[in-house]
Amino acid sequence: MTQKERTARTREKILRAAIAEFGTYGYAGGTIGGICSRGINRGLVYHNFKDKDTLYLACMEESCGELVRRLEALPIGEQEETEALIKNVLEVRAEFAEQCALESRILFEGLLMPPANLRAEIRGILKPLDSKNKEFLRSAINHVRLRQDVRENEAMRVFSLIQYAYNGYFQSESMKNRTLEERMQLHEKEIPRILDCLLYGIAEKKDGKKEPNGTEGE
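None of these values were measured; they are calculated from a predicted model. (Residues numbered from 1 in each chain as written. Predicted model: local features only at pLDDT ≥ 70, side-chain atom pairs only at ≥ 80, totals over all residues. Heavy atoms only, no water.)

(A) Looking closely at a nonpolar patch on the surface. A cluster of nonpolar side chains, namely Val 158, Ile 162 and Leu 198, defines an oily patch on the protein surface of about 200 Å² accessible area. Positionally, Leu 198 belongs in helix H10 (residues 180-200). Look at Leu 198 and you get partly exposed, because its relative accessible area is 31%. (Patch = residues over 30% accessible without salt bridge, like charges linked within 9 Å, V, L, I, M, F, W, Y side chains within 5 Å. Areas by Shrake-Rupley, 256 points an atom, 1.4 Å probe, with all protein chains shown as cover. Salt bridge = Lys/Arg side-chain N within 4 Å of Asp/Glu carboxyl O. Helix = DSSP H or I, 4+ residues; strand = E, 2+ residues; numbered from the N terminus. Buried < 20%, exposed > 50% of the residue type's maximum accessible area, 1.4 Å probe, protein only.)

Encoded structure:
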């Protein structure tokens, strides 16, 4: 085994121990000591990672990457129906939460309860997931007939604003007494309904009501 391979194996071992630590206790409760108690030499930790923050961000990147890899395996552009597309994406997210519980907890902590001192770094790490979400939403939009006064880029902008506000809600005062697990469950539970309302509307048009562009409502 080469030195490069030994280094990679050591970093992977440290990373798995750190994922177990942060996935169990979160950023605030996780410690380097806790990681070392999982069979890791403290000197090796600091040789490979600068500090707790650097290691936590590495765990966040690994966790985000795992979900993105799973989403990339979906033939998103080949789905024939919007409902099937939404169902498949949500199933992948649910499987990730079940099969990678520790990584899921780390990812959602960064998404819904990010440590204040690491917000900027976490936003950067989550960009690939944000891109996959936008790809999914764009495909969903392409599978429905938009109103005549709405263009695709406008629809995408609305989706982005709603997504930003929705995730922000889980970081607000309204959620301060909720645990991370409670926030995770609520976050995923509401997504199907939110997407349904965004794609198909919440108001039923009356017969003969004019569309904003002057056409008759269907």
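(B) Fine view of the environment of Ala 101. Mapped onto the elements of the fold, Ala 101 is located in helix H6 (residues 101-112). With a relative accessible area of 46%, Ala 101 lands in the partly exposed category. A sequence separation of 22 residues divides Ala 101 from Arg 123, and the C-alpha atoms of the two residues are 21 Å apart.

(C) Representation of the packing of aromatic side chains. Enumeration over the complete set of coordinates arrives at four aromatic pairs. Pairing Phe 22 with Tyr 56 gives two aromatic rings, centres 5.1 Å apart and planes at 90°, and the pair type is edge-to-face. On the criterion of sequence distance, the pair formed by Phe 22 in helix H1 (residues 3-29) and Tyr 56 in helix H4 (residues 52-72) is long-range, its members being 34 residues apart. Their ring planes at 70° and their centres at 5.0 Å tell us that Tyr 27 and Tyr 56 sit as a pair that is edge-to-face. One end of the pair, Tyr 27, is in helix H1; the other, Tyr 56, is in helix H4, with 29 residues separating them in the sequence. In this structure, Tyr 27 and Tyr 56 share a single accessibility class: buried. (Phe/Tyr/Trp six-rings, centres within 6.5 Å; stacked < 30°, edge-to-face > 60°.)

(D) Region of interest: the nonpolar core. Core analysis: the biggest nonpolar cluster contains 56 residues, and Phe 22, Ile 35, Leu 55 and Leu 107 have the highest contact counts within it. If one sorts the elements of this core by residue count, H4 sits on top with ten residues. Filtering out sequence-adjacent residues up to four positions away, Phe 22 remains in contact with Tyr 27, Gly 30, Ile 35, Lys 52, Leu 55, Tyr 56, Cys 59, Arg 105 and Ile 106. (Core = buried A, V, L, I, M, F, W, Y, C linked by side-chain atoms within 4.5 Å. Contact = heavy atoms within 4.5 Å.)

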